[in-house]
Amino acid sequence: MIQPQELTTHDEESPLMPKPTQQVAKLKQGTVLDHLRAGTGLRCLRVLKLPPGTTVLVGINLTSKSHGKKDLVKIERYELSEAEAAKVALISPDATISIIRDYKVVGKHGLHPPIAFRGLLRCTNPACIVHTERIAGSFVVESRDPLTVRCDYCERSITADQFEFA
Ligand SMILES: [Zn+2]
């Protein structure tokens, strides 16, 4: 006698299967950086300096309903710290950063660059005291659009295209 469950198949072609709508595969565990400004995905990866061997999926110039074009980065089995998330926000202020566990979003990092922060960036002024005293940079966000920060020590304004990450 045929058991009911034997009638169930896992045929990929079945019309009952939902059509894949995502442009990049779903992440089981790790971090998703979404709504990155188009063209900033690879820069984020360079700045994050992930552990060697980390699996990363990168989407460049994906179509976004709300932003036109966007980049998307999925990092497997790695959860971004607050400081790492802040770096991403300094590169791409509108990014959303989601921590994924077992396919579910379990946390989101702040979506905006910090108002004031230490470390993260290096002051671009070679004469700034932070270089001779070997102290961490300290900055305040002067303007959000275009993103500009000011060094607390020498008061130099640094625009996003000049950022040197610590
Ligand atoms: Zn400075």
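Quick caveat, the model's predicted, so the values are computed rather than measured.

A. Structural detail: the pairing of strand 8 (residues 138-144). Across three bridges, strand 6 (residues 116-118) lies against strand 8 in antiparallel orientation. Its bridge partner lying in strand 8, Phe117 is registered against Phe139. Where strand 8 meets strand 9 (residues 147-151), five bridges bridge the pair, whose relative direction is antiparallel. What sits directly across from Ser143, in strand 9, is Thr148. With antiparallel pairing between neighbouring strands as the criterion, strand 8 and strand 9 make up a hairpin whose turn holds two residues.

B. Fine view of the confidence of the model for the protein. Residue-level pLDDT values for the protein average 86, and 83% of them are 70 or greater. By mean pLDDT, strand 5 (residues 104-109) is the weakest element of the protein at 88, and strand 10 (residues 157-159) is the strongest at 97. Here residues 2-23 is a poorly scored stretch, pLDDT under 50, and it has four contacts once near neighbours within four places are set aside; other chains count.

Cut-offs applied
Residues numbered from 1 in each chain as written. Predicted model: local features only at pLDDT ≥ 70, side-chain atom pairs only at ≥ 80, totals over all residues. Pairing = 2+ DSSP bridges. Helix = DSSP H or I, 4+ residues; strand = E, 2+ residues; numbered from the N terminus. pLDDT = per-residue confidence, 0-100. Contact = placed C-beta atoms within 7 Å.

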